[in-house]
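Understanding the architecture of this molecule
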Amino acid sequence: MKAGQPDEVMAANIAHDFGLSDITSIKRMATGLCHFVYEVISPDRNIVVRIGALENRHLIEGAAYWYERLKKIGVPLSTLFMVDSIASFPFMIMERLPGRDLGDVYTVLSDAEKRNLAFELQSIQNRVSELPLGNGYGYLTSYEMQAPYKDAVSFNLAYLNRTRAWFRKAEI
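This write-up is about the structure you can find in this document. Since the model is a prediction, treat every value here as computed from it, not as a measurement.

Let us now look at the pattern of salt bridges. Inspection of every chain in the model, using the stated rule, returns two salt bridges. As a salt-bridge pair, Glu39 and Lys27 come within 3.9 Å of each other at their nearest N and O atoms. Residue Glu39 is located in strand E2 (residues 36–41), and its partner Lys27 is located in strand E1 (residues 25–28); the two are separated by twelve residues in the primary sequence. You can call Lys27 partly exposed: its relative accessible area is 47%.

As structure tokens, this is what we get:
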């Protein structure tokens, strides 16, 4: 762990302060672009502790903002138990849903399961399309934020360039 970065001990302390006792397992999940995400297992309940770096506080706040809007329109989401965006390291605590990550199991799903998944994703997209349009393209932490891209072309080019940079860094 680098100095000043979240780790398993910090995740355990957050879970303990939340009221989880007898933690049997904590492991960092291989997910997320910029947060430290931990699965915390106990006999009482299983949770996910998502910890942000100081410079990403607005992203934790944005996740809570969009959670409320998406939940209201029926998008199936895990329960959000707590958000603390003013902590030294902002964090959120969510329900740990049972099962495995879709990215880990997709290749073994049957055609019928993949078709059902596509229909469910279409249903979710239909619900999300009920939300008001934003003022442009890109990730917004709220409707009040100015979108980083004014059109789809500049948005797609920016993400293509970011992906190319990741590939160069990974020497792919």
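This part takes up the pairing of strand E4 (residues 80–84). One ladder, built from four bridges, connects E4 with strand E5 (residues 91–95); its direction is antiparallel. Note on E5: the bridge partner recorded for Leu80 is Met94. Here E4 folds back onto E5, and the loop between the two strands holds six residues.

Time to look at a nonpolar patch on the surface. A surface patch of nonpolar side chains, about 510 Å² in accessible area, is lined by Leu33, Trp166, Phe167 and Ile172. Among the secondary structure elements, Leu33 is positioned in the loop between E1 and E2.

Reading guide: rules and limits
Residues numbered from 1 in each chain as written. Predicted model: local features only at pLDDT ≥ 70, side-chain atom pairs only at ≥ 80, totals over all residues. Heavy atoms only, no water. Salt bridge = Lys/Arg side-chain N within 4 Å of Asp/Glu carboxyl O. Helix = DSSP H or I, 4+ residues; strand = E, 2+ residues; numbered from the N terminus. Buried < 20%, exposed > 50% of the residue type's maximum accessible area, 1.4 Å probe, protein only. Pairing = 2+ DSSP bridges. Patch = residues over 30% accessible without salt bridge, like charges linked within 9 Å, V, L, I, M, F, W, Y side chains within 5 Å. Areas by Shrake-Rupley, 256 points an atom, 1.4 Å probe, with all protein chains shown as cover.

Interpretation in functional terms is not warranted from these geometric data alone.
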